[in-house]
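Understanding the architecture of this molecule
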Amino acid sequence: MDMNGAKWREGTLRMGARGWWSLSRKRVKLKHAGKPSVAPLKRSRILHMALNGASDPSGEAEAGSGEKPFLLRALQIALVVSLYWVTSISMVFLNKYLLDSPSLRLDAPIFVTFYQCLVTTLLCKGLSALATCCPGAVDFPTLRLDLRVARSVLPLSVVFIGMITFNNLCLKYVGVAFYNVGRSLTTVFNVLLSYLLLKQTTSFYALLTCGIIIGGFWLGVDQEGAEGTLSWVGTVFGVLASLCVSLNAIYTKKVLPAVDGSVWRLTFYNNANACALFLPLLLLLGEHQVLLDFAQRDSAHFWGMMTLGGLFGFAIGYVTGLQIKFTSPLTHNVSGTAKACAQTVLAVLYFEETKSFLWWTSNMMVLCGSSAYTWVRGREMKSQEDPSPREGDKSTVGV
């Protein structure tokens, strides 16, 4: 009996030791779970954390997350934003040359727009063929012209044609410096059409920023008239371009399901439809005769500049998506506003123009109003995503 009691006590002690060891390990895990190490950090380690944007002193989180270092991400963002600026500004100046250059003297804005759409269509088809032949080299969707899909995209294509045509016509009749103000009402039309077509209300502060944009537009028109450089035709085309840009954004959301949500397929069908619709316009407006009488129609320089304009038109869609991917839609809007400011300053310097204080004030009103609208909408969208907003933060003013 004593022997059995000794064996029972020995087994109990062993089980107790294992139990206490297991329990102590669990307690240690619970105690240290989610808590950073309190080991002292060396200065070299602190510098490494600052440069790489790491918050874990041990560096284990950084190694496991696979995130790129902070400096590398900052460099990528700077390169992408610079690429967007260079592409967009270069395209505006090049189109101004093709549409209204005294040395070129080509009065065929519809043909210029048609040719750019043709280049974009051929580029999309070429990249699709290259992606099919070399799957690892190019990432591009397979494109095949489906008449049923083309008909589904046709309403958007009509708006798309109006957008690019009125943009080019505005640029033909107004200067590059006034171009940003001339087509600055896009934000205002976004608010108006969202209410009329989508029944979406807008906050008081967003409406206030739209008022600043409208005030800047009218002041800019007044100052252009005072300086004797106002073109009412170009201004009307700018307003129509702004309207078409807003309609294009609304119809794009409706048409995207027809192309499986692919932006590149939508680009292909839009430009292919535009090429087909532009041909009768060329004949109706007599631009084919203008091309036959054009002195530089056999010039390699002319066709090179035309093709370059088409390449920029294709590239602007890519770099816009790239900038949104590496930053955010909000940052993209801010970048576009800053780019418009730089474009205006460059145009004034390049064409050696002299502008009044009120003229510059009108530009600043448009730019500041656009930036303020972007900021207000960003805050409103962020508050809408908050699952439990405070009652005092809810806006009750809308239109």
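Refer to the preceding data block for the structure.
These numbers come from a predicted model, not from an experiment. (Residues numbered from 1 in each chain as written. Predicted model: local features only at pLDDT ≥ 70, side-chain atom pairs only at ≥ 80, totals over all residues. Heavy atoms only, no water.)

1. What to know about the overall build of the protein chain
- Helix and strand counts for the protein chain stand at 15 helices and zero strands.
- For the protein chain, the proportion of its 399 residues judged to be buried stands at 38%.
- Taking as baseline every contact in the protein chain between residues at least 6 positions apart, the subset at least 24 positions apart corresponds to 80%.
- When the accessible surface of the protein chain is split by element, carbon and sulfur atoms take 65% of a total near 23,700 Å². (Helix = DSSP H or I, 4+ residues; strand = E, 2+ residues; numbered from the N terminus. Buried < 20%, exposed > 50% of the residue type's maximum accessible area, 1.4 Å probe, protein only. Contact = heavy atoms within 4.5 Å. Areas by Shrake-Rupley, 256 points an atom, 1.4 Å probe, with all protein chains shown as cover.)

2. Focus on the pattern of salt bridges
- By the definition in use, this model includes seven salt bridges.
- When the shortest N-O distance is used, the salt bridge between K355 and E224 registers 3.5 Å. Of the two residues, K355 is situated in the loop between α14 (329–350) and α15 (357–385) and E224 in helix α9 (residues 204–226); the sequence distance between them amounts to 131 residues. Residues K355 and E224 agree in their burial class; the two are buried.
- Residue K355 is joined to E353 by a salt bridge in which the shortest nitrogen-to-oxygen separation is 3.7 Å. (Salt bridge = Lys/Arg side-chain N within 4 Å of Asp/Glu carboxyl O.)

3. Considering a nonpolar patch on the surface
- Where nonpolar side chains cluster on the molecular surface, the patch consists of L192, Y195, L196, L197 and L198 and spans about 450 Å² of accessible area.
- As for its placement among the helices and strands, Y195 is situated in helix α8 (residues 186–198).
- Relative accessible area serves as the criterion here: at 39%, Y195 is assigned to the partly exposed category. (Patch = residues over 30% accessible without salt bridge, like charges linked within 9 Å, V, L, I, M, F, W, Y side chains within 5 Å.)

4. Overview of the packing of helix α6 (residues 147–173) against helix α11 (residues 263–284)
- For the pair α6 and α11, interaxial distance at closest approach is 8 Å and the crossing angle is 70 degrees. Comparing their axes, α11 and α6 come out roughly perpendicular. Residues V149, A150, V153, L154, L156, S157, V158, F160, I161, I164 and T165 of α6 lie in contact with α11, whose contacting residues are L266, Y269, N270, N271, N273, A274, L277 and F278.
- Of the residues belonging to the contact of α6 with α11, the class tally is 14 nonpolar, five polar and no charged. (Axes fitted to C-alpha atoms, helices over the stretch in contact; angles between N-to-C directions. Parallel < 35°, antiparallel > 145°, perpendicular 65-115°, else oblique. Nonpolar A, V, L, I, M, F, W, Y, C, P; charged D, E, K, R; others polar.)

5. Here we look at the nonpolar core
- Residues L106, F111, C117, F278 and M306 are the most contacted members of the largest nonpolar core, which totals 57 residues.
- Not counting residues up to four positions away in its chain, the partners in contact with L106 are L98, L99, V112, K172, V290, L291, F294 and F302.
- Listed in part, the 14 residues of the second largest apolar core include C124, A150, L156 and V259. (Core = buried A, V, L, I, M, F, W, Y, C linked by side-chain atoms within 4.5 Å.)

6. Brief notes about the environment of T354
- You can see T354 is positioned in the loop between α14 and α15.
- Classification of T354 as exposed rests on a relative accessible area of 72%.

7. As for the environment of N168
- With respect to the element layout, N168 can be found in helix α6.
- Overall, N168 belongs to the buried group, its relative accessible area being 7%.
- Expressed as a C-alpha distance, the spacing of N168 and N95, which sit 73 residues apart in the sequence, is 7.4 Å.
- Beyond its immediate chain neighbours, meaning those up to four positions away, N168 contacts N95, L99, T113 and Q116.

8. Some words on the side chain of S231
- Residue placement: S231 occurs in the loop between α9 and α10 (232–255).
- Judged by its relative accessible area of 16%, S231 falls in the buried class.
- In this structure S231 touches Y173 and V174, once residues within four positions along its chain are discounted.

9. Description of the packing of α6 against α10
- Where α6 meets α10, the axes come as close as 8 Å, and the angle between the chain directions of the two elements is 155 degrees. Taken together, the axis directions place α6 and α10 in an arrangement best described as roughly antiparallel. Crossing handedness for the pair α6 and α10: left-handed.
- Taken together, the residues of the contact of α6 with α10 sort by class into 18 nonpolar, seven polar and no charged. (Left-handed = near helix turned anticlockwise from the far one by under 90°.)

10. Concerning unusual backbone geometry
- A positive phi angle, close to 60 degrees, is found at D260, a residue other than glycine.
- Within the secondary structure, D260 is located in the loop between α10 and α11.
- Look at D260 and you get exposed, because its relative accessible area is 64%.
- The phi angle at E352 is positive, at roughly 55 degrees, despite the residue not being glycine.
- Relative to the helices and strands, E352 resides in the loop between α14 and α15.
- Taking relative accessible area as the criterion, E352 reaches 72% and is therefore assigned exposed.

11. Let's talk about the packing of aromatic side chains
- Counting across every chain of the model gives 18 aromatic pairs.
- For the pair F111 and F114, a centre-to-centre distance of 6.3 Å together with 40 degrees between the ring planes defines the contact as tilted. Of this pair, F111 and F114 both sit in helix α5 (residues 109–133), three residues apart, which is roughly one turn of that helix. Across this residue pair, the class does not change: F111 and F114 are buried.
- Seen in terms of ring centroids, Y115 and W303 are 5.5 Å apart; in terms of plane orientation they differ by 55 degrees. Their pairing is tilted. (Phe/Tyr/Trp six-rings, centres within 6.5 Å; stacked < 30°, edge-to-face > 60°.)

Honestly, it's all geometry; don't read function into it.
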